[in-house]
Amino acid sequence: MSLSHPEHPNLIVFDHPLIRHKLTWMRDEATSFRAFRALLEQIAGLMVYEVTRSFETVEVEVRTPMQRMRGWRVETPITVVPVLRAGLGMTGGILELMPEARVGHLGMARDEATLEPRAYLNKLPGDLDAGPVILVDPMLATGGSASAAMGMLREAGASDLRMICLVAAPEGVRRLAKDHPEVTVYTAGLDERLNEQGYILPGLGDAGDRLFGTT
Ligand code: PRP
Ligand code: URA
């Protein structure tokens, strides 16, 4: 379903046909924001299966209508942390699969001139160290926003961290591997490069604008 990337040991690139198919629709400039929104949620849901593969389970007893048996439950609290705004577009798809997960929010806006992220919201559960934390943002461009967000999660106590994104640029993957080498990034697409304005090529444009219809 997915491939570790030979040049980026911390990166998993999904190669599932459905994910590739849906991502290609999202890239198409003719795709409406309504369809874009639905596709983003669907891809996020499909990615969850692999992203949660290493989560610990505990053995529990369950009584079926027929008899008792041993089963498994994920008992540690899972925290999903979307980076506003665009990360919100993946959160619903993830929560479909993990309805019991808590949701923290980090608000980050990238300055268009300097490309530096500015944090404007930090609302996280108090016991982030109690279980896995998944940072969610569709676009990993320079990596500045993701690196700063990871720093905020670490500061808040998180220790088991991973990131889901939709499209990554090599520059962002390298930045995150340098700043947070312990973090695995899962992406639906690894693109070619950034342009002078810090946009991913070929990319899909501004994810937040296409998601919320603010283009
Ligand atoms: C986008 C995107 C990431 C960031 C990526 O958000 O959703 O958060 O840019 O860029 P970087 O890797 O170079 O930091 P943006 O700041 O445009 O805010 P928005 O989601 O509110 O549109
Ligand atoms: N943010 C986006 O939404 N798109 C890009 O290509 C880069 C940053």
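Up top you'll find the structure we're talking about.
One structure accompanies this document, and this report is about it. Predicted model, so just to flag it, every value in this text is computed and none were measured.

**What about the site of ligand 2?**
Reasoning step 1: For ligand 2, the full set of nearby residues is Arg110, Met139, Ala141, Gly198, Tyr199, Ile200, Gly205, Asp206 and Ala207.
Reasoning step 2: Within the contact set of ligand 2, a nitrogen atom lies 2.8 Å away from a backbone nitrogen or oxygen of glycine 205.
Reasoning step 3: Between ligand 2 and alanine 207, the relevant distance is 2.8 Å, taken from an oxygen atom to a main-chain nitrogen or oxygen of the residue.
Reasoning step 4: Taken by itself ligand 2 offers 240 Å² of open surface, and the protein chains cover 88% of this.
Reasoning step 5: Split into classes, the residues belonging to the shell around ligand 2 amount to 5 nonpolar, 2 polar and 2 charged.

**Remarks on the site of ligand 1**
Reasoning step 1: The environment of ligand 1 is formed by 16 residues, the closest being Arg110, Asp137, Thr142, Gly143 and Ser145.
Reasoning step 2: Between ligand 1 and arginine 85, the relevant distance is 2.9 Å, taken from an oxygen atom to a side-chain nitrogen or oxygen of the residue.
Reasoning step 3: Look at ligand 1: alone it shows 500 Å² of surface, and the protein chains cover 89% of it.
Reasoning step 4: For the shell around ligand 1, the secondary-structure elements that each account for two or more residues are strand E7 (105–110), strand E10 (139–140) and helix H4 (144–155).
Reasoning step 5: By residue number, the principal contributor to the shell around ligand 1 is E7, which donates 3 residues.
Reasoning step 6: By residue class, the composition of the shell around ligand 1 is 7 nonpolar, 5 polar and 4 charged.

**As for the packing of helix H2 (residues 33–51) against helix H3 (residues 88–97)**
Reasoning step 1: Direction vectors running N to C along H2 and H3 enclose 45°, while the axes themselves pass 7 Å from each other. Taken together, the axis directions place H2 and H3 in an arrangement best described as oblique. Between H2 and H3 the crossing geometry is right-handed. Two secondary-structure elements touch here, H2 through Leu40, Glu41, Ala44, Gly45, Met47 and Val48 and H3 through Gly89, Met90, Gly92, Gly93, Ile94 and Leu97.
Reasoning step 2: Tallied by class, the residues present in the contact of H2 with H3 amount to 7 nonpolar, 4 polar and 1 charged.

**Regarding the pairing of strand E9 (residues 133–136)**
Reasoning step 1: Along E9, one buried face is formed by Val133 and Leu135 and the opposite face, lined by Ile134 and Val136, is buried too.
Reasoning step 2: Bridge count for strand E5 (residues 79–84) against E9 is 4 bridges, and the pairing is parallel. Residue valine 80 lies in a different strand from E9, and its bridge partner there is isoleucine 134.
Reasoning step 3: As paired strands, E9 and strand E11 (residues 161–168) are joined by 4 bridges and run parallel to one another. From the neighbouring strand, valine 136 faces E11, where its bridge partner is isoleucine 164.

**Digging into unusual backbone geometry**
Reasoning step 1: The linkage connecting leucine 84 with the following residue, arginine 85, adopts the cis geometry, with an omega of 0°.
Reasoning step 2: The residue arginine 85 is located in the loop between E5 and H3 in this model.
Reasoning step 3: Cis geometry is adopted by the peptide bond preceding proline 202, which originates at leucine 201 and carries an omega value of -5°.
Reasoning step 4: Note on placement: proline 202 falls in the loop between strand E14 (200–201) and helix H6 (207–212).

**Observations regarding the environment of glutamate 155**
Reasoning step 1: Locating glutamate 155 in the fold gives a position in helix H4.
Reasoning step 2: Judged by its relative accessible area of 75%, glutamate 155 is exposed.
Reasoning step 3: Counting along the chain gives 27 residues from glutamate 155 to leucine 128, while the straight-line C-alpha distance between them is 9.9 Å.

**Some words on the pattern of salt bridges**
Reasoning step 1: By the definition in use, this model includes 10 salt bridges.
Reasoning step 2: A salt bridge links aspartate 179 to arginine 175, with the nearest nitrogen and oxygen atoms 2.7 Å apart. Taken together, the positions of aspartate 179 and arginine 175, both in helix H5 (residues 170–179) and 4 residues apart, correspond to about one turn of that helix.
Reasoning step 3: A residue is classified by how much of its surface remains accessible, and aspartate 179, at 28% relative accessible area, is partly exposed.
Reasoning step 4: Of the charged contacts in the structure, one is a salt bridge between aspartate 179 and lysine 178, with a shortest N-O distance of 3.7 Å.
Reasoning step 5: Look at lysine 178 and you get exposed, because its relative accessible area is 66%.
Reasoning step 6: Residues joined in a network through salt bridges with shared partners are Arg175, Lys178 and Asp179.

The rules behind each value
- Every chain's residues receive numbers from 1 upward, in the order its sequence appears when written.
- Each chain is given a letter, starting from A, and each ligand a number, starting from 1, according to the order in which they appear as written.
- Predicted model: local features are reported for residues with pLDDT of at least 70 only, side-chain atom pairs are reported and counted for 80 or more only, and whole-chain, interface and lining totals are derived from all residues.
- Hydrogens are left out, water is left out, and the side-chain values use all remaining heavy atoms of the structure.
- The near set for a molecule or strand comprises every residue that places at least one heavy atom within 4 Å of it.
- Two N or O atoms count as a polar contact when they lie within 3.5 Å, although within protein this holds only if one can serve as hydrogen donor and the other as acceptor, and sequence-adjacent residues are included solely when both atoms are side-chain atoms.
- Reported accessibility uses the Shrake-Rupley method at a 1.4 Å probe radius. Residues are deemed covered only where the shown protein chains occlude them.
- The nonpolar class holds Ala, Val, Leu, Ile, Met, Phe, Trp, Tyr, Cys and Pro. Asp, Glu, Lys and Arg form the charged class, and all remaining residues, Gly among them, are polar.
- Helix and strand assignments follow DSSP, with helices taken as H or I runs no shorter than four residues and strands as E runs no shorter than two, numbered in order from the N terminus.
- Simply put, an axis is a line fit to the C-alpha atoms, just over the touching stretch for a helix, and the angle between two N-to-C directions goes from 0 to 180 degrees.
- In these notes the angle categories are as follows: under 35 degrees is roughly parallel, over 145 is roughly antiparallel, 65 to 115 is roughly perpendicular, and the rest is oblique.
- Less than a right angle of anticlockwise turn of the near helix away from the far helix marks a crossing as left-handed, whereas a clockwise turn marks it as right-handed.
- The contact criterion used is simple: two residues touch if any of their non-hydrogen atoms lie within 4.5 Å.
- Between buried and exposed lies partly exposed: a residue is buried under 20% and exposed over 50% of the maximum accessible area for its type, with that area taken using a 1.4 Å probe on protein chains only.
- When DSSP finds at least two bridges between two strands, those strands are taken to pair.
- Salt bridge criterion: a side-chain nitrogen from Lys or Arg within 4 Å of a carboxyl oxygen from Asp or Glu.

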